[in-house]
Amino acid sequence: MSGKEIDWNALDFAGFAKLADDPTLSKYEKIGFPDSYRAGFEEKIFSDIRRKLPRLNQRGLTVLDIGPGCSDLPRMLIELCEAQGHRLCLIDSAEMLAQLPDAPFIDKRPGLFPKCHQELADLRGRVGVALCYSVMHYVFVDANVFDFVDAALGLLGPGGEMLIGDVPNASKRTRFFASEAGIAFHRQFTGDDSPPPAREDGPLRGKLDDSVIIGLLSRARAAGADAYVVPQDPGLPMANRREDILIRRP
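Note that this is a predicted model, so its numbers are computed, not measured.

Caption draft 1: Representation of helix α10 (residues 210-222) within the structure. Compared with an ideal rise of 1.5 Å per residue, which puts 13 residues at 18 Å, α10 spans 18 Å between its outermost C-alpha atoms and is within 8% of the ideal. Listing the buried residues of α10 in full gives Val 212, Ile 213, Leu 216, Leu 217 and Ala 220. Axial view of α10: buried residues confined to an arc of 140°, hence all on one face. Close packing links the buried residues of α10 with α6 (136-142), α7 (145-155), β5 (156-168), β6 (226-230) and β7 (242-248).

Next comes the structure, spelled out in C-alpha cells:
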C-alpha cells in the first residue's frame, strides 16, 4: 500500500487517469481498490469471467474490454486473446491504456464510453465478446447507464455476449447486512459489536440498486437481447454485495 489517502467513492474518469500516472500507487490502487480487495484474487476473478463468457474460448473474434484498468486482470485477457487469435479492443483513458502492453492484435481506443461511441462505428455489430468489469458504478457518475447499455448492445454482433461485472448493488448490500451472516461479517470486520449500517427505505439516491439493475435488464431485453443477473463466485471478496449482469444477443 502506498499510504496515500484516496477517496475511493469520489473517483471518476478523470480521477482514474490521474491515478494511472501516479508512480506511488500499486496497480490495484490505480484502478480504485485497496490492495486487500484484489491482491491474490484476480486469477479467481478471471476464472469467473471465463465461465460466464464461454465465447472467449472460440477463435478469431473481436473482443472488447471497456475500462480494463491496468492490473493483472487485463493482462490475463490479453494473453487469452493472443492464444485464441482474437482481436482485442481496449477502451479507457490514454493514461490507463499506456500502462498496458502493445501488440498487433491489441487496438487501444482512448475515450470515455459511451460518449466516445461515434469513434467506434467500425465495431458496430462486430463484437463477439464484451467485458466491463468493476466499472458500471463509475458510469453512473460520468454518463448515463442506459446510454451505456444501448451503445454496447449496438456493438454486439449476432450471438455476441457481454458481461457487466462486479456491479455494486446497494439493495443487495442492505439485504446482506440485515442478515445474520451480514451482522457476523460486520462484527468481524470492525472488531467490535457495533451494528451494520441502518437499512435505508425507498430508492437509494445516487447509488446503483435493484431498481437500476432491473431497469438495465429490461432495457437490454427491449432491445432484443437476453439479460440476466448472475451471482459472483462466492470466494470473491465482495460477492456478498456485488453481482454481475450477463447479456447475450440471440
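Caption draft 2: Broad picture of unusual backbone geometry. For the bond from Phe 113 to Pro 114, the omega torsion is 10°, close enough to zero to count as cis. You can see Pro 114 is positioned in the loop between β3 (106-110) and β4 (127-133). Not every positive phi belongs to a glycine, and Ser 134 is a case in point at roughly 60°. Position of Ser 134 among the secondary structure elements: in the loop between β4 and α6. Taking the relative accessible area as the measure of exposure, Ser 134 reaches 7% and is therefore buried. One non-glycine residue, Asp 166, lies in the positive phi region at around 60°. Considering the arrangement of structural elements, one finds Asp 166 in strand β5. Here Asp 166 falls in the buried class, since its relative accessible area comes to 5%.

Caption draft 3: Structural detail: the nonpolar core. Ile 49, Leu 53, Leu 56, Leu 77 and Leu 88 are the most contacted members of the largest nonpolar core, which has 38 residues in total. For this core, the element with the most residues is helix α4 (residues 72-84), which contributes 6 residues. Those residues in contact with Leu 56 that sit more than four places away from it in its chain are Ile 49, Arg 50, Val 63, Leu 77, Leu 80, Gln 84, His 86, Val 129 and Glu 161. One finds Phe 113, Cys 132, Val 149 and Leu 208 within the second-largest nonpolar core, a separate group that totals 35 residues.

Caption draft 4: Fine view of the environment of Asp 233. Within the secondary structure layout, Asp 233 lies in the loop between β6 and β7. Judged by its relative accessible area of 18%, Asp 233 falls in the buried class. The spatial distance from the C-alpha of Asp 233 to the C-alpha of Gly 111 is 31 Å, given a sequence separation of 122 residues. If we ignore the near neighbours within four places in the chain, the residues touching Asp 233 are Lys 44, Asp 48, Arg 51 and Ala 239. Only 2.7 Å separates the side chain of Asp 233 from the backbone nitrogen of Gly 235, close enough to count as a polar contact.

Caption draft 5: Quick look at the pattern of salt bridges. Per the stated rule, a full pass over the model turns up 15 salt bridges. Notably, a salt bridge pairs Lys 27 with Asp 72, separated by 2.8 Å at the nearest N-O pair. Residue Lys 27 is found in the loop between α1 (13-20) and α2 (35-38), and its partner Asp 72 is found in helix α4; the two are separated by 45 residues along the sequence. Relative accessible area serves as the criterion here: at 26%, Asp 72 is assigned to the partly exposed category. What you see here is one network of salt bridges that share partners, running through Asp 48, Arg 51, Lys 52, Asp 233 and Asp 244.

Caption draft 6: Up close: the side chain of His 186. Positionally, His 186 belongs in helix α9 (residues 180-190). Excluding its chain neighbours within four sequence positions, the residues that come into contact with His 186 are Phe 177, Ser 194, Pro 195, Pro 196 and Pro 197.

Caption draft 7: Representation of the sheet that holds strand β2 (residues 87-92) in the model. With mixed pairing, 7 strands are arranged side by side in an open sheet as β3-β2-β1-β4-β5-β7-β6. Unpaired on one side and paired on the other, β3 and β6 mark the two borders of the sheet. Here the strands of the sheet are splayed against their neighbours by 15° on average, with no regard to which way each runs. For strand β1 (residues 62-66) and β2, the ladder comprises 5 bridges, and the chain directions are parallel. Considered in β2, the bridge of Ile 66 is made with Ile 91. In the packing of α10 onto the sheet, contacts are made with β5, β6 and β7, and the angle to β6 comes to roughly 155°.

The rules we used
- Residues numbered from 1 in each chain as written.
- Predicted model: local features only at pLDDT ≥ 70, side-chain atom pairs only at ≥ 80, totals over all residues.
- Heavy atoms only, no water.
- Helix = DSSP H or I, 4+ residues; strand = E, 2+ residues; numbered from the N terminus.
- Expected span 1.5 Å × (residues − 1).
- Buried < 20%, exposed > 50% of the residue type's maximum accessible area, 1.4 Å probe, protein only.
- Arc of directions from axis to C-beta.
- Contact = heavy atoms within 4.5 Å.
- Core = buried A, V, L, I, M, F, W, Y, C linked by side-chain atoms within 4.5 Å.
- Polar contact = N/O pair within 3.5 Å; in protein donor to acceptor, adjacent residues only side chain to side chain.
- Salt bridge = Lys/Arg side-chain N within 4 Å of Asp/Glu carboxyl O.
- Pairing = 2+ DSSP bridges.
- Axes fitted to C-alpha atoms, helices over the stretch in contact; angles between N-to-C directions.

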